[in-house]
Amino acid sequence: MTSTNSTTLNCPSTRVSIIGAGKVGSTLAQRIAEKNLADVVLLDIVEGWPQGIALDLMQARGVERHDRQIVGTNNYTDTANSNIIVIAAGIPRKPGLNREDLIKINAKIVTEAAQQAIAHSPEAILIVITNPLDVMTYLAWEASGLPKHRVMGMAGVLDSARFQTFIAMELGVSIAEVNATVLGSHGDLMVPLPRYSTVSGIPISQLMDAGTIDRLVDRTRNGGVEVVKLMKTSSAYFAPASAACLMVESILLNQSRLLPCSVYLDGQYGVQDIFLGVFCRLGYQGIEQILELELSDTERAAFADSGKLVLQTIESAKLILEKAH
Ligand code: APR
């Protein structure tokens, strides 16, 4: 089934294609369109599903009053000439599915999606959301053949947003004043950096004791798990979609925001040949600059541990993929 919406994207426009019209993908489509950032193509493997979501979002335009086109499709030709491709396709971790099986399934989905999408949009920037994030971003980059400054994973913005939320909740202050930093991998070994976290420019260490900071760091590390435990049949999607939308916005509007993203490291922080979360400048060309913060010995060791685990998982993912072929 190809796109069935009455409107097709047949005039040149800024376009974001989202592969995977599930909860994250469809919420991201809504945010992008309602923020008037771009037209959106939603692609999914399930026939009728992305077309239905797109039509629903189009009908909302009667209330939201934006003129962005949203198209649902099962065919990659409809994604042609996208400025940005976002991969949010995959299956979530669920009971009875071990980590190896999850990697195997998502690796196949993500690599095929990257190849097919980039074949139709060779100039696009690729943003990966599928978990395990840093590993899937690496595999998508390899499969796409894109230069490294045009491939990135969404995790740091989400993890930092969670840390910011918990700091604001703890202190009872407006989130508008809170900045928090989380680098490293998206998972148990992420590296929240209280030293680089402030409220109105004041380091959080001056506003709360060490025990409280540790508790908030821990809650941030488990931010996704806490949501799954409550929802049971779904993982988080509002905050992930918001985080991805911020990256899309910084790229399309050439804002050069400094955002933590999973990017290819080539010696930065002493790390080689993996994707890991660090601050970078995001603009129209993709990753314009990677920033190397000064880290304490403890922070650097935590970052290195985070990288080691990602490297091991990339290696085992590659073996799993080789065996599957
Ligand atoms: N091609 C296109 N779409 C696919 C494919 C494929 N080969 N395989 C699966 N999909 C689609 C599914 O049909 C589904 O609509 O991907 C979508 C995934 O949606 P959800 O199950 O709702 O998952 P979601 O909560 O959106 O999470 C997507 O983002 O945050 C991460 O861990 C999360 O890896 C997961 C991803």
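So, how was this worked out
- For every chain, the first residue of the written sequence is number 1, and numbering continues from 1 onward in sequence order.
- Per-residue local features are limited, in this predicted model, to residues with pLDDT of at least 70; the limit for side-chain atom pairs, both in listing and counting, is 80 or more; totals at the level of whole chains, interfaces and linings are taken over all residues.
- Only hydrogens and water are set aside when side-chain values are computed; all heavy atoms of the structure are taken into account.
- The secondary structure listing takes helices from DSSP runs of H or I that are at least 4 residues long and strands from runs of E that are at least 2 residues long, numbered from the N terminus.
- Two things to know: the radius of gyration comes from C-alpha atoms, and the globule rule equals 2.2 Å times the number of residues to the power 0.38.
- Think of it in three bands: with a 1.4 Å probe and only protein chains considered, a residue is buried below 20% of the maximum accessible area for its type, exposed above 50%, and partly exposed in between.
- Pairs of residues are marked as contacts when any of their non-hydrogen atoms sit within 4.5 Å.
- Detection works on a 1 Å grid of protein atoms alone, calling trapped sets that fit a 1.4 Å probe cavities and calling open sets with protein on both sides within 12 Å along at least five of seven lines pockets, with lining residues defined by an atom within 4 Å of a point.
- Grid points are joined across faces, edges and corners, and a volume is the space filled by probe spheres set on the points.
- Note on residue classes: Ala, Val, Leu, Ile, Met, Phe, Trp, Tyr, Cys and Pro are nonpolar, Asp, Glu, Lys and Arg are charged, and everything else, Gly too, is polar.
- Whether two strands pair comes down to DSSP finding at least two bridges between them.
- Any Lys or Arg side-chain nitrogen found within 4 Å of a carboxyl oxygen on Asp or Glu counts as a salt bridge.
- Where helices are involved, their axes are fitted lines through C-alpha atoms of the stretch in contact, as for all axes, and angles between N-to-C directions lie from 0 to 180°.
- Each angle is binned into one of four classes, with values under 35 degrees roughly parallel, values over 145 roughly antiparallel, values of 65 to 115 roughly perpendicular, and all other values oblique.
- For a crossing to be left-handed, the near helix must be turned anticlockwise from the far one by less than a right angle; the clockwise case is right-handed.
- Each domain's extent is set by a domain assignment, obtained either automatically or from a database.
- When two components associate, each loses some accessible surface as probed by a 1.4 Å sphere; the sum of these losses over both components is called the buried area.
- Side-chain atoms alone can form a polar contact between residues adjacent in sequence; in general such a contact is a pair of N or O atoms within 3.5 Å, and within protein one must be able to donate a hydrogen while the other accepts it.
- When we say a residue is near a molecule or strand, we mean one of its heavy atoms is within 4 Å of it.
- Using a 1.4 Å probe, the Shrake-Rupley method yields the accessible areas, and only the shown protein chains count as cover for residues.
- Stacked, edge-to-face and tilted labels apply to pairs of Phe, Tyr and Trp rings (six-membered ring for Trp) whose centres lie within 6.5 Å, assigned for plane angles under 30 degrees, over 60, and everything in between, in that order.

Draft legend 1. Geometry of the overall build of the protein. Helix and strand counts for the protein stand at 9 helices and 14 strands. Compactness check: the protein gives a C-alpha radius of gyration of 19 Å against a globular reference of 20 Å for 325 residues, within 12% of the reference. Projected onto its principal axes, the C-alpha positions of the protein cover 60 × 50 × 40 Å. Looking at the 325 residues of the protein, the share that counts as buried comes to 51%. Intrachain contacts of the protein at a sequence separation of at least 6 include 69% that bridge at least 24 residues.

Draft legend 2. Highlighting the layout of surface pockets. In this structure, the second largest pocket spans a volume of roughly 300 Å³. For the lining of the second largest pocket, the secondary-structure elements that each account for two or more residues are α5 (156–171), α8 (238–252) and β12 (257–266). When residues in the lining of the second largest pocket are grouped by element, the largest group, 6 residues, is from α8. The class makeup of the residues in the lining of the second largest pocket is 11 nonpolar, 5 polar and 3 charged.

Draft legend 3. Main features of the sheet that holds strand β11 (residues 202–203). As summarised here, the arrangement of the 3 strands in space is β7-β10-β11, forming an open sheet in which the pairing is antiparallel. Each having just a single partner strand, β7 (178–179) and β11 make up the two edges of the open sheet. For β7 and strand β10 (residues 198–199), the ladder comprises 2 bridges, and the chain directions are antiparallel. For N179, the partnering residue across the bridge sits in β10 and is T198.

Draft legend 4. Inspection of the pattern of salt bridges at higher detail. Under the definition given, this model contains 11 salt bridges. The salt bridge partner of K108 is E112, with a shortest N-O separation of 3.1 Å. Of this pair, K108 and E112 both sit in helix α3 (residues 99–120), 4 residues apart, which is roughly one turn of the helix. Across the pair D305 and K308 runs a salt bridge whose closest N-O atoms are separated by 3.8 Å. You can see D305 and its partner K308 sitting in helix α9 (residues 297–324), 3 residues apart, about one turn around the helix. Judged by relative accessible area, which is 39%, D305 ranks as partly exposed.

Draft legend 5. Representation of the packing of helix α4 (residues 133–144) against α9 within the structure. Orientation of α4 relative to α9, taken along the N-to-C sense of each, is 55°, at an axis distance of 9 Å. Considered as vectors, α4 and α9 are oriented oblique to each other. As α4 runs across α9, the sense of the crossing is right-handed. Contacts between α4 and α9 involve D134, V135, Y138, L139 and E142 from the former and V310, T313, I314, A317, K318 and L321 from the latter.

Draft legend 6. A look at the domain arrangement of the protein. According to the domain assignment, the protein consists of domain 1 (6–153) and domain 2 (156–316). Domain 1 and domain 2 are separated by 23 Å when their C-alpha centres are compared. Listed by partner, the interface residues are 32 residues for domain 1 and 37 residues for domain 2. Together, the buried faces of domain 1 and domain 2 total about 2900 Å²; carbon and sulfur atoms form 73% of this surface. Sorting the residues of domain 1 by area buried against domain 2 places L37, D134 and Y138 first, and these three jointly supply 22% of that buried surface.

Draft legend 7. Region of the structure containing the side chain of H66. In this fold, H66 is placed in the loop between α2 (49–64) and β3 (70–73). Within the local environment of H66, its side chain forms a polar contact with the backbone nitrogen of R68, the two atoms lying 3.1 Å apart. Not counting residues up to four positions away in its chain, the partners in contact with H66 are A33, E34 and R61.

Draft legend 8. Region of the structure containing the environment of G267. The topology assignment puts G267 in the loop between β12 and β13 (272–283). Sequence-wise, G267 and A21 are 246 residues apart; in three dimensions their C-alpha atoms are separated by 36 Å.

Draft legend 9. Up close: the site of the ligand. With respect to spatial proximity, 16 residues lie near the ligand, and among them G22, K23, V24, D44 and N131 are the closest. Contacts to the ligand include K23, whose backbone N or O atom sits 3.0 Å from an oxygen atom. Contact between the ligand and I45: a nitrogen atom at 3.4 Å from a main-chain N or O atom of the residue. Protein contacts shield 83% of the accessible area of the ligand, which totals 730 Å² for the unbound molecule. Taken together, the residues of the shell around the ligand sort by class into 8 nonpolar, 6 polar and 2 charged.

Draft legend 10. Structural detail: the packing of aromatic side chains. Under the defined criterion, the tally for this structure stands at 7 aromatic pairs. Ring geometry for Y138 and F275: centres 6.2 Å apart, planes at 90°, overall edge-to-face. In this pair, Y138 is assigned in helix α4 and F275 in strand β13, connecting sequence segments 137 residues apart. An identical accessibility class is assigned to Y138 and F275; each is buried. Ring geometry for Y264 against F275: centres 5.8 Å apart, planes inclined by 75°, an arrangement best described as edge-to-face.

Draft legend 11. Broad picture of the side chain of N74. Checked against the element boundaries, N74 lands in the loop between β3 and β4 (84–87). For N74, the side chain forms a polar contact with the main-chain oxygen of D44, separated by 2.7 Å.

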